[in-house]
Amino acid sequence: MLPRYYEFYNPVKVLSGDHALENLPYEMAHLSASRPILLTNQQLVEVGLTRILESALRGSELVIAAQFTEIPPDSSVHVVNAAGRVFREAGCDSIIALGGGSVIDTAKGLRVLIGQETDDIMQYMGADIVKPARRVPFAVIPTTAGTGSEATLVAVIAHPERQVKMEFVSHHLLPDLAVLDPRLTRSLPPRITASTGMDALVHAIESYTSVQRNPLSDAYAWAAIELIRDHLPRAVANGHDTEARLAMANAALMAGAAFSNAMVGLVHAIGHAVGAICRVAHGDAMAILLPHVMEYNLDLVHERYGRLLLALAGPELYAATPAPERGQQAIAVVRAFSQRLHEACGLPLRLRDVGVTDDVLPAIARTAINDGALLLNPKEAGLDDVLQILRQAL
Ligand code: NAD
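Residues numbered from 1 in each chain as written. Predicted model: local features only at pLDDT ≥ 70, side-chain atom pairs only at ≥ 80, totals over all residues. Heavy atoms only, no water.

Colleague: I'm lost on the overall build of the protein in this one. Help?
Modeller: The helix and strand tally for the protein stands at 14 helices and 9 strands. For the protein, whose C-alpha radius of gyration is 20 Å, the value lies close to the compact-globule estimate of 21 Å for 394 residues. With the C-alpha coordinates aligned to their principal axes, the bounding extent of the protein is approximately 60 × 45 × 40 Å. Counting over 394 residues, the protein shows a buried share of 58%. Looking at the protein, you have 32 positive and 42 negative side-chain charges, and the mean spots of the two groups are 1 Å apart. (Helix = DSSP H or I, 4+ residues; strand = E, 2+ residues; numbered from the N terminus. Rg over C-alpha atoms; globule rule 2.2 N^0.38 Å. Buried < 20%, exposed > 50% of the residue type's maximum accessible area, 1.4 Å probe, protein only. Lys, Arg positive; Asp, Glu negative; His and termini not counted. Charge placed at Lys NZ, Arg CZ, Asp CG, Glu CD.)

Colleague: When you look at the site of the ligand in this model, what are you seeing that I'm missing?
Modeller: Taken together, 28 residues are adjacent to the ligand, and Gln43, Asp74, Ser102, Thr144 and Thr152 come closest. The side chain of glutamine 43 places a nitrogen or oxygen atom 2.6 Å from an oxygen atom of the ligand. One nitrogen or oxygen atom from the main chain of glycine 101 is found 2.7 Å from an oxygen atom belonging to the ligand. Protein chains bury 91% of the 860 Å² of accessible surface belonging to the ligand in isolation. Taken together, the elements giving at least two residues each to the shell around the ligand come down to helix 2 (42-46), helix 5 (101-115), strand 7 (154-159) and helix 6 (190-209). Taken together, the residues of the shell around the ligand sort by class into 9 nonpolar, 14 polar and 5 charged. In terms of domain composition, the shell around the ligand takes at least three residues from each of domain 1 (13-184) and domain 2 (190-393). (Near = heavy atom within 4 Å. Polar contact = N/O pair within 3.5 Å; in protein donor to acceptor, adjacent residues only side chain to side chain. Areas by Shrake-Rupley, 256 points an atom, 1.4 Å probe, with all protein chains shown as cover. Nonpolar A, V, L, I, M, F, W, Y, C, P; charged D, E, K, R; others polar. Domains from an automatic or database assignment.)

Colleague: Is there a simple way to think about the domain arrangement of the protein in this case?
Modeller: You'll often see interface size given as the accessible area lost when the parts meet. Assigned domains of the protein: these are domain 1 (13-184) and domain 2 (190-393). Placing a centre on the C-alpha atoms of domain 1 and another on those of domain 2 gives a separation of 26 Å. Opposite the 21 residues of domain 1 that make contact, domain 2 presents 24 residues. Taken together, the two surfaces of domain 1 and domain 2 that pack against each other cover about 1,900 Å², and 65% of this comes from carbon and sulfur. Looking only at domain 1, the three residues that lose the most surface to domain 2 are Ala145, Lys165 and Pro182, adding up to 26% of its buried area. At the junction of domain 1 and domain 2, the tally comes to 0 salt bridges. Mapped by element, the contributors of at least two residues to the side of domain 1 that touches domain 2 are strand 1 (13-16), strand 8 (164-169) and strand 9 (177-180). It is strand 8 that contributes the most residues to the side of domain 1 that touches domain 2, 3 residues altogether. Tallied by class, residues from the side of domain 1 that touches domain 2 come to 9 nonpolar, 8 polar and 4 charged. (Contact = heavy atoms within 4.5 Å. Buried area = accessible area lost by both parts, 1.4 Å probe. Salt bridge = Lys/Arg side-chain N within 4 Å of Asp/Glu carboxyl O.)

Here's what the structure looks like:
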């Protein structure tokens with residue numbers, strides 16, 4: 001059934017394919033960009049990803065005017081402010097982000113900083129605070145296939161002193177270009193491939209059951225789930241499987257476009273808190289919490305989960321499962337998928353596997369219930385509910 005009213009927005013131009021990066025100079029010229037700052041991190045320089053970019057730019061008018069590599073996992077407001085100083089000192093006119101969600105979200109913060117002509121990103125925390133301003137051309141080249149940040153209006157940036165991951169939400173955060181080139185994820189180790197891929201799966205499943213879902217976000221989410229089902233185990237087994245890498249890059253982007261419009265839910269609310277308090281990698285937290293939150297939500301969304309069984313498992317299991325049991329079966333399929341990845345590369349299955357201890361659960365729960373992602377979860381959750389989910393996941 002169509003919602004009485006909905007909105008869907010995604011203006012990002014996607015360049016997808018083996019060697020898609022070669023078209024970046026042409027697209028940046030179209031955006032009147034000639035002196036980009038390159039945001040990436042040292043690890044990605046060392047594995048040779050910046051060399052692939054340099055070779056794609058060779059002979060073009062696009063000159064990297066500054067390179068900023070001091071970006072830690074989850075980044076921070078201080079890092080964004082520091083990148084702003086480098087951008088201005090080098091006289092840059094545009095931004096290229098080459099990296100995973102941590103680099104991309106730093107770049108989104110930088111774009112806000114420059115566009116709003118400020119030197120402190122903290123003023124723009126929250127939803128729809130960023131106003132139309134100087135538009136800084138912005139290209140994103142994801143090197144993980146998970147966050148989908150290249151197609152979302154969200155930036156998640158940590159505030160280390162306050163132990164929170166803050167969300168900046170605005171249409172002005174959506175990049176102009178997303179380049180999906182399988183050469184950029186080849187070097188991603190199996191363990192990070194699995195964990196980031198599970199992040200994309202959570203985006204798709206949470207947006208499919210969000211109270212703000214709509215037919216377009218559903219279509220993106222569905223397509224993403226089918227791609228992940230068929231290609232994540234392949235990308236984990238063989239990082240050089242170009243077809244699987246490209247499929248996962250597409251899946252992450254589609255899941256990002258889905259949740260950028262439908263939003264996410266309780267897995268993210270708890271996962272952000274786990275990440276901020278215990279420094280757990282985002283994808284690991286997502287993978288661990290997903291089946292537990294699905295169990296919690298099941299009574300209210302069993303019909304939606306039941307439909308998802310088709311995308312998650314394919315037609316045979318769907319047809320063989322009686323309709324009332326499909327929701328529960330979908331959760332079983334998710335558990336089996338994680339177990340398979342655990343056996344293939346050590347994807348963690350429990351919070352204790354990633355260093356979370358019983359004594360911090362109340363603090364995680366208190367932070368989680370104040371997370372904006374909770375608002376659109378299909379079932380309300382209070383402090384005790386979250387604590388129970390955390391205990392089950394421990
Ligand atoms: P990440 O960017 O932190 O990268 C994880 C690790 O993988 C890093 O050490 C990185 O250097 C390494 N790496 C990345 N690409 C590589 C490659 N090709 N080869 C070798 N190593 C590589 O991880 P992520 O999961 O992509 O991003 C997580 C961050 O994104 C979190 O802060 C999370 O909250 C945020 N996030 C944002 C959104 C959004 O819409 N803005 C959505 C989900 C998550």
